[in-house]
Amino acid sequence: MTDAPSYLFYQSRNPRPFLDRGEGIYLFDENGKRYIDGSSGAMVSNIGHSNPRVLAKMKAQMDKATFGYRLHFRTHPSEDLAAKTVQMTPEGLDRVFFVSGGSEAVESAVKLARQYALTQGQGTRHKVISRFPSYHGCTFGALDLTGYAPLREPFALMMEGMPKVAAPMTYLDRDNLTEEARGLKYADLLRDKILAEGPDTVLAFLMEPVGGASTGALVAPDSYYTRVREICDEFGVLLIHDEVMTGAGRTGRFLASEHWGVTPDIVALSKGFGAGYAPLGAIVAGARLVEPVLDAGGFLHGFTYAGNPLACSAGLAVLEELEEQNLIENAARMGDVLMDELRALMDRYPFIGDLRGKGLLTAFEFVADRSTMEPLEPSLNAHDRLVELAYQRGLIIYSRRTRGGTKGDHFLVAPPLIITEGQI
Ligand code: PLP
């Protein structure tokens, strides 16, 4: 089956076995081999595979209507999902705009920020500062905000080159600062950058509260989050959180930012929001931003498939399932169990340099020398080789280079939030 000719391409050829079916945390190929979905695909399948509630809700919706263009009809699934999303997010985030994926969510957030600035007479604000390393998507707008060299380089001439600040990869620092001081140090890089660019040209700061694939579940010191919020407020810069990977419960809270009590101005969601049942994403923003834009003539932005009732019926069932099965609490508890198990591996293997994460978004980074954090020789491709070995043994994990994509190896362990202690 694997050798059947294929006319299809993604990043590479390298055909994998044909997928047959999914069940809970498991996927089965057509040869009957079982895989533990230890990365929820690409940190997507948060409530596991073939969830009966979601399937039933989608089938019921399919029998009624699969598409109704949003300019022609309101639909109950989209209205209900928007209401449920507002209910599950912190106060101050009370308007929802649907999209079909993470890159679309990021670009929508930035365009909403820009249109809001225009309503405030702040037309000079157009720069979005983001971090290096980071990942925000692969369409041109989102790619320009992404700090990951190999993905950017071929297209660099075709992008404006939005400003970047260093992500707080404090595990590489060898200074004598306390964690709190380190957090402030990295946050103040943002302040310096805003001043260097000219505060009245800076529209927004975009960050992943817990890093995703490009940094390997990077968590900043606590002081970073509150200080970044203060700096944004000081200069009237909007804070956009990219929670495409971390949102919808993955880190043990609905939004990762809730761990630090910080509310962004706009948050981007996707991945776990549709949880693999439908291509779905959203931005959630305060009415304070949205209403002036609507009053001024409307949001000049939208995707054809956005808010379609079938995808929204899936999303609604996903959020209901998260709530009723207490899956967000489970993510927090199982995250602790997973971290303990991984820490035991770290004690055994000196080439594991760092273990980090929050809830069920965890990562290992490999190093040649733990005391200096010298990375492994890039040509070893340790991350890819480990992923292949695990795949052969029926465990799916997710790897990338770290440190901006040129060196360093890490892999992510991020199973569905339904996982049990025994399965871990
Ligand atoms: N933002 C983050 C933090 C992501 O992890 C991703 C995807 O990995 C994206 C944006 C882009 O999402 P998509 O691939 O659905 O466009």
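What counts and how
Residues numbered from 1 in each chain as written. Predicted model: local features only at pLDDT ≥ 70, side-chain atom pairs only at ≥ 80, totals over all residues. Pairing = 2+ DSSP bridges. Helix = DSSP H or I, 4+ residues; strand = E, 2+ residues; numbered from the N terminus. Near = placed C-beta within 6 Å. Nonpolar A, V, L, I, M, F, W, Y, C, P; charged D, E, K, R; others polar. Expected span 1.5 Å × (residues − 1). Buried ≥ 20, exposed ≤ 12 C-beta atoms within 10 Å, placed from the backbone. Arc of directions from axis to C-beta. Contact = placed C-beta atoms within 7 Å. Axes fitted to C-alpha atoms, helices over the stretch in contact; angles between N-to-C directions. Core = buried A, V, L, I, M, F, W, Y, C linked by C-beta atoms within 7 Å. Domains from an automatic or database assignment.

A word on the sheet that holds strand 1 (residues 19-23). Strand order in the open sheet made by the four strands is 1-2-3-13, with mixed pairing throughout. At either end of the open sheet lies a strand with only one pairing partner, and these are strand 1 and strand 13 (395-396).

Glancing now at the site of the ligand. Among the 15 residues in the neighbourhood of the ligand, the closest are listed as G101, G102, S103, G137 and V244. Looking at the shell around the ligand, the element that brings in the most residues is helix 4 (residues 102-119), giving three residues. Residue composition of the shell around the ligand, by class: six nonpolar, seven polar and two charged.

Bringing helix 3 (residues 76-88) into the picture now. Its 13 residues give helix 3 an end-to-end C-alpha distance of 18 Å, which sits within 8% of 18 Å, the value for a rise of 1.5 Å per residue. Those residues of helix 3 that fall on the buried side of the exposure criterion are P77, S78, L81, A82 and T85. The buried residues of helix 3 occupy one face: seen down the axis, they fall within an arc of 130 degrees. Those residues of helix 3 that are buried are in contact with helix 2 (52-64), strand 4 (95-99), strand 10 (281-285) and helix 10 (309-324).

Judged by pairing direction, the sheet is mixed, and its seven strands sit side by side in the order 4-10-9-8-7-5-6 without closing on themselves. Every interior strand has two partners, whereas the edge strands, strand 4 and strand 6 (164-166), have only one. Each adjacent strand pair in this sheet contributes to an overall mean axis angle of 20 degrees, direction not counted. Here strand 5 (residues 127-132) runs beside strand 7 (residues 202-207); their pairing, made up of three bridges, is parallel.

As a rule of thumb, nonpolar side chains are buried together in soluble globular proteins. With 111 residues, the main nonpolar core has A113, F205, I240 and I283 as its most contacted residues. By residue number, the principal contributor to this core is helix 10, which donates nine residues. When residues of this core are assigned to domains, at least three fall in each of domain 1 (19-50 + 326-413) and domain 2 (56-324). Contact partners of I240, with chain neighbours within four places excluded, come to A109, V110, A113, A204, F205, L206, P264, D265, I266 and A268.

The subject of this paragraph is the pairing of strand 9 (residues 266-269). Across the two faces of strand 9 the burial is the same, with I266 and A268 and V267 and L269 all buried. With four bridges connecting them, strand 9 and strand 10 associate as antiparallel partners. From the neighbouring strand, A268 faces strand 10, where its bridge partner is I283.

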